[in-house]
Amino acid sequence: MTVVGPFGLSVQDRDLTRDVQTGMDAVEAALAETVKSDVSFITITASHLIEAGGKRFRPLLVMLAAQFGDPYAPGVVPAAVVVELTHLATLYHDDVMDEAPVRRGAPSANSRWDNSVAILTGDFLFSRASQVLADLGPEAVRLQADAFERLVTGQILETAGPGPDDDPLRHYLDVLAGKTGSLVAVSCRFGSLMAGAEPWVVDILTQYGERMGMAFQLADDVLDIASDGHESGKTPGTDLREGVPTLPILLLQEMPADEDDPADARLRELLQLDLADDDLHAEALRLLRKHPALERARRETLRYAEEARTLLDPLPECPAKAALQGLCDAVAIRTM
C-alpha cells in the first residue's frame, strides 16, 4: 500500500500513485519557479510558506480529478499551481488579520518581517497566479474569478460577523463555504476540466469538492477541541481560547441548557469569560470534550463527508474514484 498526499490517503493502484506523484512533483517545482522575482527579497518572502511545506490538498484534488480525463493534459499542472498559489496568498493575508505568530511550524511572514510585507507578498502571489491562469484560457479565468469572489465574500462575512437577524450557525457555514469550499471545489473542477472530462463528470467532481472542503474544515473544528495537538498541528483549544465560535460551540449554543447538569451550566458560564486564563481554558476544554455538542459536531462533519461520497456514485469505478472515497474515510478517522 502506498501513501500519497495529505491525511494519510492510501492509494493501492501503482499507476495512479505514479501519475499523482509525478503531477505533485511537477507542481512543487513549478511553485518554486513561479514565485521567483528579479527582486531577491520578494523571492525570499514569496518562497517562505512554500518552503514551510503544507498538505498541498488542493493540488492533490486537481491531480485526482484529472484522472477522469487525460491526466497528462498540459493544463493540469498549471491549474494546480494556480489554486495552490491562491491558497498560499490567502494565508499571508489571514496571518495579518489574525496576528498569527506561526504558520506551518515556522514564523509567519508578518512576524518575521511585518504586516506590510506579508500583505504585499500575498498580493504578489495573487498576481503570479493570474499570470499562470491567463494561459489557461478565458473559461478558466472566469471560474477562478468566481471562486475568488466567493472566497473574499466568505472572509468579509467572517469579519463582519452575523447580523442581529442572522442564524449564527447558518452564517458560520456560509463563511466556510466561501472561504474553504470555493477553492476546493474549483480545484476539482479545474482538474477534470483541464483533463477533458465529460461535463457531467466535471459537475459531479465540483460538487464533491464543495462538500469535502466543508467536511475537512469542520473536522478541524472538532480536532481543535478533541485532539491532543499531534493530529491538528496546533495547540488544542486554540479557537476556544481566542473566542472564535466554531461548530461545537455554535451547536452548544443552539442546545437548550440542561438544568440538571452542573457541568453544562459551568461550561456555559466559562464560555462567557476570557479564556486566555490557562486554568479557565483547561477547564472549559475538559468540559467541552465531554459535552454532547462535540458528538453532534462529529456527526455533522461526517454528514458532509457522506454527502461527498454519495455524489461520486454515478462515476465509473476506477482507482481515482476509490482515492476520492478514501478522503471521505479520512474525515471519519480525523474526527474519531
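Not measured: the values here are computed from a predicted model.

Participant: How should the packing of helix α9 (residues 199-226) against helix α15 (residues 319-334) be read in this particular structure?
Facilitator: If you want to describe how two helices pack, look at the angle between their axes and the distance between the axes. At a minimum axis distance of 9 Å, the contact between α9 and α15 shows a crossing angle of 15 degrees. Taken together, the axes of α9 and α15 are roughly parallel relative to one another. You can see that α9 and α15 cross each other, and the crossing is left-handed. Every residue of α15 that contacts α9 at L205, Y208, M212, A215, F216, A219, D220 and L223 is listed here: L324, L327, C328, A330, V331 and R334. For the contact of α9 with α15, the residue count by class is 12 nonpolar, no polar and two charged.

Participant: Would you mind going over a negative patch on the surface with me for this structure?
Facilitator: Together, D165, D166, D167 and E254 line one region of the surface with negative charge. The partly exposed category is assigned to D167, whose relative accessible area is 39%.

Participant: Help me out: how do you make sense of unusual backbone geometry in this one?
Facilitator: Peptide bonds are, in most cases, trans, and in most cases residues other than glycine have a negative phi. If you check the backbone angles, R56 has positive phi at about 55 degrees while not being a glycine. The residue R56 is located in the loop between α2 (40-51) and α3 (57-66) in this model. Judged by its relative accessible area of 6%, R56 is buried.

Participant: Which parts of the structure should I look at to understand the pattern of salt bridges?
Facilitator: Two side chains bearing opposite charge may form a pair once their charged atoms approach each other closely. A complete count under the given rule lists 21 salt bridges for this structure. Salt-bridge contacts for D15 lead to R18; the nearest nitrogen and oxygen are separated by 3.0 Å. You can see D15 and its partner R18 sitting in helix α1 (residues 14-34), three residues apart, about one turn around the helix. You can call D15 partly exposed: its relative accessible area is 46%. Among the salt bridges present, the one from D278 reaches R241, with a minimum N-O distance of 3.1 Å. Placement of D278 in helix α13 (residues 278-290) and of R241 in helix α10 (residues 238-241) is noted, with a sequence separation of 37 residues between them. A relative accessible area of 31% means that R241 is categorised as partly exposed. Among the ionic contacts, a cluster of salt bridges with common partners joins R211, E300, R303 and E307.

Participant: Honestly, the side chain of R128 in this entry has me stumped. Any pointers?
Facilitator: Within the secondary structure, R128 is located in helix α6 (residues 115-134). Despite being buried, R128 has no salt bridge partner; D38 is the closest side chain of opposite charge, sitting 6.7 Å away. In contact with R128, other than residues within four places in its own chain, are T34, V35, K36, S37 and L85.

Procedures and definitions
Residues numbered from 1 in each chain as written. Predicted model: local features only at pLDDT ≥ 70, side-chain atom pairs only at ≥ 80, totals over all residues. Heavy atoms only, no water. Axes fitted to C-alpha atoms, helices over the stretch in contact; angles between N-to-C directions. Helix = DSSP H or I, 4+ residues; strand = E, 2+ residues; numbered from the N terminus. Parallel < 35°, antiparallel > 145°, perpendicular 65-115°, else oblique. Left-handed = near helix turned anticlockwise from the far one by under 90°. Contact = heavy atoms within 4.5 Å. Nonpolar A, V, L, I, M, F, W, Y, C, P; charged D, E, K, R; others polar. Patch = residues over 30% accessible without salt bridge, like charges linked within 9 Å, V, L, I, M, F, W, Y side chains within 5 Å. Areas by Shrake-Rupley, 256 points an atom, 1.4 Å probe, with all protein chains shown as cover. Salt bridge = Lys/Arg side-chain N within 4 Å of Asp/Glu carboxyl O. Lys, Arg positive; Asp, Glu negative; His and termini not counted. Charge placed at Lys NZ, Arg CZ, Asp CG, Glu CD. Buried < 20%, exposed > 50% of the residue type's maximum accessible area, 1.4 Å probe, protein only.

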